[in-house]
Amino acid sequence: MENRYALVLAGGGAKGIYQIGVWKALRELGICYDVVIGSSIGAVNGALMAQNDWDSAFELWRAVTLEKILGLPPDAGVKDFLIGVVKNFGVSAAPLKRLLERHIDEKKIRTSGIRYGLTTFNLSRLRQEELFIEEIPEGELIPYLLAATAFPGIKTQPLHGKRCMDGGIADNIPFRIVRDSGYKNIITVDISGLGRNKAPDYEGVNLIYIKNSIDFGKISTLFGVFDFESEFLDRFCRLGYLDTLKIFGRCFGTDYFIEEDECALKARGKLLNPGLSEEYRRLMPKNLRYYIKPEIAVADVLAKHFNFERIVLYRFEEISRLIRSKFNENPSLKNKIGSLFEKLIV
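## Thoughts on the overall build of the protein
Secondary structure assignment for the protein yields 15 helices and nine strands. Residues classed as buried in the protein amount to 53% of the 346 residues present. Sequence-distant contacts in the protein: of pairs separated by 6 or more residues, those separated by 24 or more amount to 70%. Of the accessible surface of the protein, which amounts to about 16,400 Å², a share of 51% is contributed by carbon and sulfur atoms.

## Observations concerning the pattern of salt bridges
By the definition in use, this model includes 20 salt bridges. Taking the shortest distance from any N to any O, the salt bridge between Lys108 and Asp53 comes out at 3.5 Å. On the criterion of sequence distance, the pair formed by Lys108 in helix 7 (residues 106-111) and Asp53 in the loop between helix 2 (41-50) and helix 3 (54-63) is long-range, its members being 55 residues apart. The exposure class of Asp53 is buried, given its relative accessible area of 15%. In this structure, Arg176 engages Asp180 in a salt bridge whose closest nitrogen and oxygen atoms are separated by 3.5 Å.

## Comments concerning the packing of helix 1 (residues 17-29) against helix 10 (residues 230-247)
At their nearest, the axes of helix 1 and helix 10 sit 7 Å apart, and the two run at 40° to each other. With respect to helix 10, the axis of helix 1 lies oblique. Remark: the crossing between helix 1 and helix 10 carries right-handed chirality. Of the residues in helix 10, those in contact with Ile17, Tyr18, Ile20, Gly21, Val22, Lys24, Ala25, Leu26, Glu28 and Leu29 of helix 1 are Leu233, Phe236, Cys237, Leu239, Gly240, Tyr241, Asp243, Thr244 and Leu245.

What counts as what
- Residues numbered from 1 in each chain as written.
- Predicted model: local features only at pLDDT ≥ 70, side-chain atom pairs only at ≥ 80, totals over all residues.
- Heavy atoms only, no water.
- Helix = DSSP H or I, 4+ residues; strand = E, 2+ residues; numbered from the N terminus.
- Buried < 20%, exposed > 50% of the residue type's maximum accessible area, 1.4 Å probe, protein only.
- Contact = heavy atoms within 4.5 Å.
- Areas by Shrake-Rupley, 256 points an atom, 1.4 Å probe, with all protein chains shown as cover.
- Salt bridge = Lys/Arg side-chain N within 4 Å of Asp/Glu carboxyl O.
- Axes fitted to C-alpha atoms, helices over the stretch in contact; angles between N-to-C directions.
- Parallel < 35°, antiparallel > 145°, perpendicular 65-115°, else oblique.
- Left-handed = near helix turned anticlockwise from the far one by under 90°.

Laid out in structure tokens, this is it:
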């Protein structure tokens, strides 16, 4: 039976690529949603998800640069953005409008069967507004999306006499409107964006909270919000995918992403030995002494010891082979946890 949820997408500029990785994992896991609401870039991703167009989402993010969304030079950064704001009394949203017009299909969204919503901040009344698709006039979704993504410094046009801007200013994680609308099964995707990030209230709902487990954005790009470099986008997208697999129990680990396999099951069986079990609890960090997959916890600790690449989905057998290779190259690196590990995989 398919699991159905309401999906809440936070804002965060370029970090929104993380939500595309989350979406990829949800598709693979067969997890469906009946409603999706987003703030800022989450509103754009939500529109793509509501129209259920994976190809358009992939193409949009593959093409996105500061030049194509704000008309800034290819090598521009936060400084250039701020200079543009001062010189021109705001940066034009025209390039972003053209990008959205190519990839957002309002008719598909209205007929998809998925209830779509976005948030804006009404500058005229100094309050946040949450709007579902049925409250947005026909043919005007793109202007509303431009308002919803209007980060301070980006020019917007009035919406029926109202001047609006990025909804993340008041609430970057629009969880409340979904909860208050009566939805009980909610997936919230927090990408550590700028703005006011209110912690979701778990009371009375089945909340699955997905948040980036690594935050490697550079200070020069406001911690990733303006980082449209392909390397950052690729890695942050993969992180969204892997974090989601872990949340739904398809891989394990604290710092790493490790799939259970036959090799892992054999190693866990050896930990039923009282002597090895006692050794495990004596040697492992306190937070891992009763980890649900102890053999994976051992591999995780050693992977961190060797500083393996984190944003990779490893099979237990694969990461075990890499660890043993390190010990073979330099036996002096073998610590007590390493010795325990070798007892488990012999």
